[in-house]
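# Overview (structure and organization)
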Amino acid sequence: MQCSSHEELNIAWKSFVNLDVINVINTYNIRPQILESWERSKAMVSPFLVETQVLNDEELQQARKSNHELLRTATKVIKNTIEDDFSHLKIAISDTNGYLLEVFPLEKPAKSHNAYFFVPGANWSEDVIGTTAIGIATVTGSPIDIYGAEHWNVYLHQYASVASPVRDPDSDTVIGIVAILDYLNDITSDTISITKACALSIEESLGAQRSHLRSELSNKCKTMIIETMSDALVAIYTDGKVAYINERCSNILGGVRVGDNLYHVMDNYKLQATGDHSKLLNILRSDNDVADAFISVPCPTGSIRCLITARNMVSSRGKIGKLVIMKEISHSPTLQIADLGERTVTFDDLIGEDKAFLEKIEVASKVATTTCNVLLLGESGTGKDMFAQAIHNASPRRNGPFIAVNCAAIPKELLASELFGYSEGAFTGAKKGGSPGKFIQANHGTMFMDEIGDMPLEVQSYLLRALEEKTVTPLAARQPVPVDIRIIAATNRDLLKEVSLGNFRQDLFFRLNTVTIDLPPLRERRSDIIPLLEYLTKKMSIRHDKTIKEIDKELVKVCLAYPWPGNVRELQNAIERSIILASDLTLSKQNLPPYILNAVETKVGKGTSETENQPLKASTRSVQKDIISSYLARHHGNKSLTAKELGISRSTLYRKLKE
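Notes on the structure in this doc start here. (Residues numbered from 1 in each chain as written. Predicted model: local features only at pLDDT ≥ 70, side-chain atom pairs only at ≥ 80, totals over all residues. Heavy atoms only, no water.)

Across its 15 residues, helix 20 (residues 529-543) extends 20 Å between first and last C-alpha, which sits within 8% of the 21 Å expected from 1.5 Å per residue. Among all positions of helix 20, only I529, P531, L532, L533, L536, T537, M540, S541 and R543 are buried. Downstream of helix 20 by one or two residues, D545 has phi in the positive range, about 55 degrees. (Helix = DSSP H or I, 4+ residues; strand = E, 2+ residues; numbered from the N terminus. Expected span 1.5 Å × (residues − 1). Buried < 20%, exposed > 50% of the residue type's maximum accessible area, 1.4 Å probe, protein only.)

Once that is clear, we can look at the pairing of strand 1 (residues 90-94). Taking burial as the measure, the 5 residues of strand 1 include 4 buried ones, the bulk of the element. Of the pairings in the sheet, the one linking strand 1 to strand 5 (residues 174-183) comprises 5 bridges and is antiparallel in character. Among the inter-strand pairings, I93 is bridged to a residue of strand 5, identified as V178. A loop of 5 residues connects strand 1 with strand 2 (residues 100-104), the two strands running antiparallel in sequence, and G98 in this loop sits at a positive phi of about 90 degrees. (Pairing = 2+ DSSP bridges.)

This next bit is on the packing of aromatic side chains. Scanning the entire structure with this criterion turns up 12 aromatic pairs. On the basis of an interplanar angle of 70 degrees and a centroid distance of 6.2 Å, the ring pair of Y562 and Y595 is categorised as edge-to-face. Of this pair, Y562 sits in the loop between helix 21 (553-561) and helix 22 (567-581) while Y595 sits in helix 23 (residues 594-606), and the two are 33 residues apart along the sequence. The buried category is assigned to Y595, whose relative accessible area is 17%. Grouping aromatic residues by their ring pairs yields a cluster made of F16, W38 and W152. Of note, K42 hangs over the ring of F16, and the distance from its end group to the ring centre comes to 4.8 Å. Over the face of the ring belonging to Y263 we find R285, whose NZ or CZ atom lies 4.2 Å from the ring centre. (Phe/Tyr/Trp six-rings, centres within 6.5 Å; stacked < 30°, edge-to-face > 60°. Lys NZ or Arg CZ within 6 Å of the ring centre and 35° of its normal.)

Ranked by size, the top nonpolar core spans 35 residues in total, and within it I30, W38, L100 and W124 carry the most contacts. Counting only elements with at least two residues in this core, the list comes to helix 1 (6-17), helix 3 (32-42), strand 2, helix 8 (133-140), strand 3 (144-147), strand 4 (159-167) and strand 5. Examining the composition of this core, we find that 5 residues originate from one element, helix 1, more than from any other. Non-local contacts of L100, meaning those with residues more than four positions away in its chain, are made with L60, A92, I93, S94, F117, F118, V119, P120, G121, A122, W124 and I134. Core analysis: the second largest hydrophobic core is formed by 32 residues, I452, A466, L467 and I487 among them. (Core = buried A, V, L, I, M, F, W, Y, C linked by side-chain atoms within 4.5 Å. Contact = heavy atoms within 4.5 Å.)

This paragraph deals with the pairing of strand 12 (residues 402-406). Among the 5 residues that make up strand 12, 4 are buried, leaving the element largely enclosed by the rest of the structure. Summarising the sheet, strand 12 and strand 13 (residues 446-450) pair through 5 bridges and their orientation is parallel. Along strand 13, the bridge assignment pairs V405 with M449.

What follows is the structure in structure tokens.
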């Protein structure tokens with residue numbers, strides 16, 4: 001509440017200015033916020049100041065630029081307000097430092113001291129001009145109206161000033177002030193209301209603009225991400241109509257656009273009998289999500305081999321559609337590899353709970369972020385190839401090629417030309433135009449050299465030179481070719497032993513084993529058998545379009561009892577066979593390979609303690625041969641170790657090999 005009259009307010013102001021503070025407090029009914037502001041102002045500024053600080057043109061433009069969003073929005077709101085029968089008002093928008101960014105109407109003010117205070121660039125903060133509505137609203141963050149001598153500056157006593165803070169719609173902090181200056185006798189309740197309404201309108205407008213901008217930015221971002229994806233993407237409603245499709249997918253499907261019915265399009269392709277038509281339609285219509293299903297997608301011109309991932313889109317009303325992503329295998333650099341499965345492997349695909357196995361994954365994850373060479377050791381089937389892919393796909397080179405070569409599968413006479421390439425005419429039978437070789441194909445990417453322990457010595461020297469000089473010279477070529485590749489090598493041999501025997505170069509060994517990861521065999525991580533069993537069942541069910549809802553407990557028992565000399569690869573083959581032969585929704589032990597069942601039955605029949613290391617006993621001759629072959633492979637053909645683990649003499653082993 002203000003004083004009972006303007007005369008008494010003037011007397012109170014004069015008493016305060018003349019240091020009679022106690023008399024003012026005890027005699028006059030001054031509002032607390034005014035009295036507090038007077039006390040702050042008295043310590044900072046003279047009440048007889050004839051002019052305030054005003055920014056020059058350059059400073060004003062910088063202040064406006066710093067508050068561009070606020071000023072743009074406030075200008076629109078205030079202009080609409082002025083046009084609405086309030087054109088006589090002087091309305092200003094200030095920043096949080098008290099500087100007036102703009103004053104409306106925009107005509108030039110009269111040349112008087114009083115008018116000079118209320119111009120663009122003028123400072124209305126407490127520490128410059130003393131008590132004003134703008135100054136108090138900035139300090140308190142609340143609306144306020146100030147009359148006559150409540151202003152600290154004597155030249156403002158003929159005015160009333162009203163101010164209301166504008167708050168950021170996101171952070172709720174004060175970002176500016178809307179203020180009105182009017183002659184004391186002209187101020188009305190409408191003036192006060194319009195100030196608050198302007199501030200509220202600015203806040204609402206800012207919130208709406210930001211919400212629209214965020215939505216627009218989000219949509220633009222999603223569109224850019226989707227359109228720049230190398231994968232094809234389509235979203236459909238439950239009735240099959242296309243809600244969204246990127247250009248890549250549209251091209252694959254022959255120009256399908258938004259609004260087309262994908263089910264009808266697929267039916268047209270069916271007439272041409274191309275691709276896995278029924279598989280894809282089942283995925284599109286299914287209530288289940290699908291991850292990395294291998295399908296030949298039917299197209300107008302034939303079919304394209306893809307990995308399909310499909311996710312149901314669900315709202316509060318239930319399923320509303322499906323999002324489908326197609327990864328075209330022939331265009332994926334990380335899938336230019338044979339015998340590594342149908343998917344691009346990441347560390348999420350390395351299934352296991354065994355502590356030692358998880359430690360290997362952790363090491364591989366750390367080394368993946370670098371570009372150093374890696375040496376993977378382990379028995380056949382332990383997943384060295386999957387680790388290699390996972391490292392590549394988590395590395396800085398993941399967008400480059402991933403080229404694999406099995407050093408044991410290529411004749412030594414051809415290995416050098418396969419790795420380093422050759423020029424036209426390098427030898428009889430050379431391709432016209434020559435061949436770039438694996439190293440050049442892997443440039444800026446990763447070279448996975450499996451079974452490197454089987455590489456001939458003469459080729460090892462070429463490899464060492466390529467690693468040291470970072471160049472390769474194709475056979476019969478005159479100039480070396482620079483290459484930038486990372487080597488991930490793998491072997492099931494003891495390379496240190498091979499070095500001591502003279503079969504592997506020591507300097508090459510040290511080049512390759514910057515980080516060595518020794519993968520444990522499955523028999524040493526038996527806690528992983530059940531998780532692997534569940535994972536492989538799901539994966540192979542999708543691959544073969546089978547529905548398996550239950551794994552028989554007896555099958556689990558067999559899998560836990562069997563030693564798996566072929567490791568994870570052998571387990572995968574066994575599960576795939578069982579799924580193919582399954583006649584119902586249950587995966588049962590009867591569909592496992594007979595040699596596995598016989599080996600486990602022999603072990604159970606004789607008792608674990610007696611037959612733990614004697615898997616050949618009570619086995620049929622054909623099963624015995626399978627088991628011997630598995631153990632020989634595990635020991636790299638070492639017959640002494642094989643006989644020892646089988647619990648038989650070497651002579652018995654030789655005899656059984658001849659049977």
